[in-house]
Every structure is written in structure tokens, then in C-alpha cells.
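Residue strings, one per chain:
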Amino acid sequence: MNDSSPAHPAVPVLDVWCELQCPDCRGALADLHALRARYGDRLELRLRHFPLEKHKHAFAAAQAAEEAAEQGKAWPYVEAVLGRVEELDRGGEPFLVEVARELGLDAEEFDTALIDGRHILIVDADQAEGKAIGVTGTPTYVIGGERLDGGESQEGLRERVEEIADRLLAEREA
């Protein structure tokens, strides 16, 4: 049976509830890199948006990340913005467009997307789903039905994610 067959189970998904103006999310990047290195395409990292009220550019940044996803560079964009949280604090939307330009994305399209709000529904839906499952801060991880709150502490989180991912992968291979 080949891997593209519908009977073949999909890989485990790690939902990463994230906010691009959040220093704790920047702190989580090392864990995300390590998970990517360890699992490659055996674990899907899925970006979910949870902009917090206290960060005035977070909602625009979430929309910008969706535009980056449309243009095929969601994670590189997210990492570039998170790496420069202080610049986002100061620069707001022009900074978001500038990062797109630096990554070789269509900056005009970013600008337009932020003006016309084409990605607002996705961000709103993520936020509503996050609230419904008890996300209160970022980063929060959800894998195998278990919620792990990284907003409190990153300590031990990657190990916990790996435990669950290993278990899910073993169940799939059994």
C-alpha cells in the first residue's frame, strides 16, 4: 500500500497557538526547530493564531502570517517577525510589510491584504477555537488532544511534546 492511499493515517499534528508580538513565542522557536529536526515530515507543525489584546499589532501580524502562508512561506515569515518582536512593537504594519519584502514575498499584496482584511475570518476562527479549548496565552501547544501551556513556562514542554508524538507515531505503526 503506498503512502498516498487514504487508508494511510495522517501524521500527528502539533497545533502551535502563537502570537507574533509575544516574546514567549520567540522563546519557543528553539523548541520548534528541535522538533522539526527530530521528526521532519513525521510531525505536522500547524500554526494557529491567538492574538492577545495587550499587543496592538498582534492581530495584523496574524493576518500577515496568513498572507505569508498563501505565498508559501508561513513559518519563515513567522520566525522572521518573532525574531524582531521589538521592531514590530515600534513599527507596526509597515514593519510587517517590510519583512515580507525582505523574504522576497509580494509586499504589495501584503499591504493590500492588511487593508482589505481578507484573512480576518481565519484569525477570528482560530481565536474562537482557541478560547473554546481553553487557550489563555501563547505559546500553547495541542497534540493528541492534550493542551500544553507554554505561556507559563517552556520548561519540559518539548520533552512532553516528544513523548506524545512518539506515542502517536508508535500507535500508527502498530
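Residues numbered from 1 in each chain as written. Predicted model: local features only at pLDDT ≥ 70, side-chain atom pairs only at ≥ 80, totals over all residues. Heavy atoms only, no water.

Student: Is there a simple way to think about the overall build of the chain in this case?
Tutor: Counting its secondary structure elements, the chain contains 7 helices and 4 strands. Ordered by position from N to C terminus, the α and β elements of the chain give β-α-β-α-α-α-α-α-β-β-α. Taking 174 residues into account, the globule formula puts the C-alpha radius of gyration at 16 Å, and the chain, at 17 Å, falls close to it. Along the first, second and third principal axes, the C-alpha set of the chain runs to 50 × 35 × 30 Å. Going through the 174 residues of the chain one by one, you find that 47% of them count as buried. In the structure as shown, the chain presents an accessible area of about 8800 Å², 50% of it carried by carbon and sulfur atoms. (Helix = DSSP H or I, 4+ residues; strand = E, 2+ residues; numbered from the N terminus. Rg over C-alpha atoms; globule rule 2.2 N^0.38 Å. Buried < 20%, exposed > 50% of the residue type's maximum accessible area, 1.4 Å probe, protein only. Areas by Shrake-Rupley, 256 points an atom, 1.4 Å probe, with all protein chains shown as cover.)

Student: Is there a simple way to explain the confidence of the model for the chain in this structure?
Tutor: Do not read the fine detail of predicted coordinates wherever pLDDT is low. This prediction gives the chain a mean pLDDT of 91; 93% of its residues lie at or above 70. Across residues 1-8, where pLDDT falls below 50, the model places 3 contacts with residues more than four positions away in sequence or in other chains. (pLDDT = per-residue confidence, 0-100. Contact = heavy atoms within 4.5 Å.)

Student: What is the right way to look at empty space enclosed by the protein in this model?
Tutor: Rolled over the atoms, a probe sized like a water molecule indicates the empty space that remains. The full count for this structure, using the stated rule, is 1 cavity of 30 Å³ or more. Looking at the largest cavity, its volume works out to about 30 Å³. For the largest cavity, the full set of lining residues is Cys 18, Glu 19, Leu 20, Leu 47, His 49, Ala 58 and Ala 62. Elements that contribute at least two residues to the lining of the largest cavity include exactly strand S2 (44-49) and helix H2 (58-70). Per-class residue counts for the lining of the largest cavity are 5 nonpolar, 1 polar and 1 charged. (1 Å grid on protein atoms, 1.4 Å probe; cavity = no way out; pocket = protein on both sides within 12 Å on 5 of 7 lines; lining within 4 Å. Points joined across faces, edges and corners; volume = space filled by probe spheres on them. Nonpolar A, V, L, I, M, F, W, Y, C, P; charged D, E, K, R; others polar.)

Student: I keep staring at the pairing of strand S4 (residues 146-149) and nothing clicks. Help me out?
Tutor: Each regular strand displays side chains that alternate between the two surfaces of the sheet. As defined by bridge partners, strand S3 (residues 140-143) adjoins S4 across 4 bridges and the pair is classed as antiparallel. Across the sheet, Tyr 141 pairs through a bridge with Leu 148, a residue of S4. Connecting S3 to the antiparallel partner S4 that follows it, the hairpin turn spans 2 residues, and Gly 144 within it adopts a positive phi of roughly 55 degrees. (Pairing = 2+ DSSP bridges.)

Student: How should the nonpolar core be read in this particular structure?
Tutor: A general trend in soluble globular proteins is that nonpolar side chains are found buried together. Core analysis: the biggest nonpolar cluster contains 45 residues, and Leu 14, Tyr 77 and Ile 143 have the highest contact counts within it. The element best represented in this core is helix H4 (residues 85-102), accounting for 7 residues. Those residues in contact with Leu 14, other than ones at most four positions away along the chain, are Leu 35, Leu 43, Glu 44, Leu 45, Arg 46, Tyr 141, Val 142, Ile 143 and Val 161. The next biggest cluster of nonpolar side chains, apart from the first, holds 5 residues, and it includes Phe 50, Leu 52, Val 135 and Val 142. (Core = buried A, V, L, I, M, F, W, Y, C linked by side-chain atoms within 4.5 Å.)

Student: Is there a simple way to think about the pattern of salt bridges in this case?
Tutor: Charged atoms that come close allow side chains of opposite charge to pair. Applying the stated rule across the entire model yields 19 salt bridges. A salt bridge links Asp 15 to Arg 48, with the shortest nitrogen-to-oxygen separation between them at 3.4 Å. With Asp 15 in strand S1 (residues 13-18) and Arg 48 in strand S2, the pair connects residues that are 33 residues apart, well separated along the chain. We classify Arg 48 as buried; its relative accessible area is 8%. For Asp 126, the salt bridge identified is with Arg 48, shortest N-O distance 3.0 Å. Taken together, the residues span a long stretch of sequence, with Asp 126 in helix H6 (residues 120-132) and Arg 48 in strand S2 at a distance of 78 residues. Each member of the pair, Asp 126 together with Arg 48, is buried. The network of salt bridges with shared partners includes Asp 15, Arg 46, Arg 48, Asp 126 and Glu 129. (Salt bridge = Lys/Arg side-chain N within 4 Å of Asp/Glu carboxyl O.)

Student: Would you explain the side chain of Glu 79 in this entry?
Tutor: Considering the arrangement of structural elements, one finds Glu 79 in helix H3 (residues 74-82). One polar contact links Glu 79 to His 33, side chain to side chain, over a distance of 2.8 Å. In this structure the side chain of Glu 79 is engaged in a polar contact, spanning 3.1 Å, whose partner is the side chain of Arg 36. If near-sequence neighbours (up to four positions away) are discounted, Glu 79 is found in contact with Leu 29, His 33 and Arg 36. (Polar contact = N/O pair within 3.5 Å; in protein donor to acceptor, adjacent residues only side chain to side chain.)

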